[in-house]
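Residue-level structural notes
Now for the letters of each chain:
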Amino acid sequence: MTVILRTAALAAASFAALVVAPTPALAQQKLDAARSEMLFVSKQMGVPVEGRFRKFDAQIAFDPKKPEAGKVAFTIDMGSATFGSPEVDVELPKATWFNVPKFPQATFQSSAIKAVGAGRFEVAGKLSIKGSSRDVLVPVALTQAGGSTTATGAFAIKRLEFKIGEGDWADTSMVANDVQVKFKLNLSGVPAL
């Protein structure tokens, strides 16, 4: 009886290792940051203003045919934020806005991925910025060409939920509370749709 239980336990452990371990194809998925972009759009006094993050990275294990088993982790260097204006950019790392010395990175960690048809997916997860975390649902569209996959999408956050723009800048008539995050990610190693 002990031998049977040990054999069953060993078989279960081996099966679990196969299920949990990423396949070699998934382990080779990479983000090409030079061909990718992460943007954010806010409204200042009703006028849309676009900024971008120049440094970010992702760890991806995703098979479009088995999205529920996929994982996505994203890290953004908050000190790389820019609106393309030196006068504005010097303010972004300060405590009122991103407080980069205390919170150098924002992160996203997926908790579930669901196919919604025609190369489109919904990625649920936790977004953490400036010490605050919120659940977000990110719509993602995938296209593939020549061994490369492009993931595009956009979602909205409320900046005040993340304490971005504190003090006098919490006035939403000056800077809107809604911020749209847009991305275009170039990925290699993703299996065919």
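1. Quick notes on the layout of surface pockets
Empty space left among the atoms is revealed by rolling a probe the size of a water molecule over them. What the largest pocket holds in volume is close to 920 Å³. If you go around the largest pocket, you meet 47 residues; those closest to its centre are Met-38, Phe-40, Phe-53, Ile-76 and Val-181. Listed by contribution, the elements that provide at least two residues to the lining of the largest pocket are strand 2 (37-44), strand 5 (71-77), helix 3 (86-89), strand 7 (105-117), strand 8 (120-129), strand 9 (132-145), strand 10 (148-158) and strand 11 (178-188). No other element matches strand 11, which puts five residues into the lining of the largest pocket. The class makeup of the residues in the lining of the largest pocket is 38 nonpolar, five polar and four charged.

2. Section: the pairing of strand 9
Where strand 8 lies against strand 9, 10 bridges are found, and the strand directions are antiparallel. Counterpart to Leu-127 in the pairing with strand 9 is Arg-134. Hairpin connection, strand 8 to strand 9: the antiparallel pair is bridged by two residues, and Lys-130 has positive phi, about 55 degrees. Examined bridge by bridge, strand 9 and strand 10 share five bridges and lie antiparallel to one another. Note that in strand 10 the partner of Thr-143 across the bridge is Thr-150. Remark: two residues form the turn of the hairpin made by strand 9 and strand 10, two consecutive strands paired antiparallel; Gly-146 in that turn has positive phi of roughly 55 degrees.

3. With respect to the pairing of strand 3 (residues 47-53)
Across seven bridges, the pairing between strand 2 and strand 3 is antiparallel. Across the sheet, the residue bridging to Lys-43 is Pro-48, located in strand 3. Two successive antiparallel strands, strand 2 and strand 3, enclose a turn made up of two residues, where Met-45 displays a positive phi of approximately 55 degrees.

4. So, the packing of aromatic side chains
Per the stated rule, a full pass over the model turns up six aromatic pairs. Ring centres of Trp-97 and Trp-169 lie 5.5 Å apart, and the angle between their planes is 50 degrees; this geometry places the pair in the tilted category. Of this pair, Trp-97 sits in the loop between helix 3 and strand 7 while Trp-169 sits in the loop between strand 10 and strand 11; the two residues are 72 residues apart in sequence, bridging distant segments of the chain. When its relative accessible area of 15% is taken as the criterion, Trp-97 is described as buried. Trp-169 sits in the partly exposed class, given a relative accessible area of 38%.

What counts, and at which threshold
- Residues numbered from 1 in each chain as written.
- Predicted model: local features only at pLDDT ≥ 70, side-chain atom pairs only at ≥ 80, totals over all residues.
- Heavy atoms only, no water.
- 1 Å grid on protein atoms, 1.4 Å probe; cavity = no way out; pocket = protein on both sides within 12 Å on 5 of 7 lines; lining within 4 Å.
- Points joined across faces, edges and corners; volume = space filled by probe spheres on them.
- Helix = DSSP H or I, 4+ residues; strand = E, 2+ residues; numbered from the N terminus.
- Nonpolar A, V, L, I, M, F, W, Y, C, P; charged D, E, K, R; others polar.
- Pairing = 2+ DSSP bridges.
- Phe/Tyr/Trp six-rings, centres within 6.5 Å; stacked < 30°, edge-to-face > 60°.
- Buried < 20%, exposed > 50% of the residue type's maximum accessible area, 1.4 Å probe, protein only.

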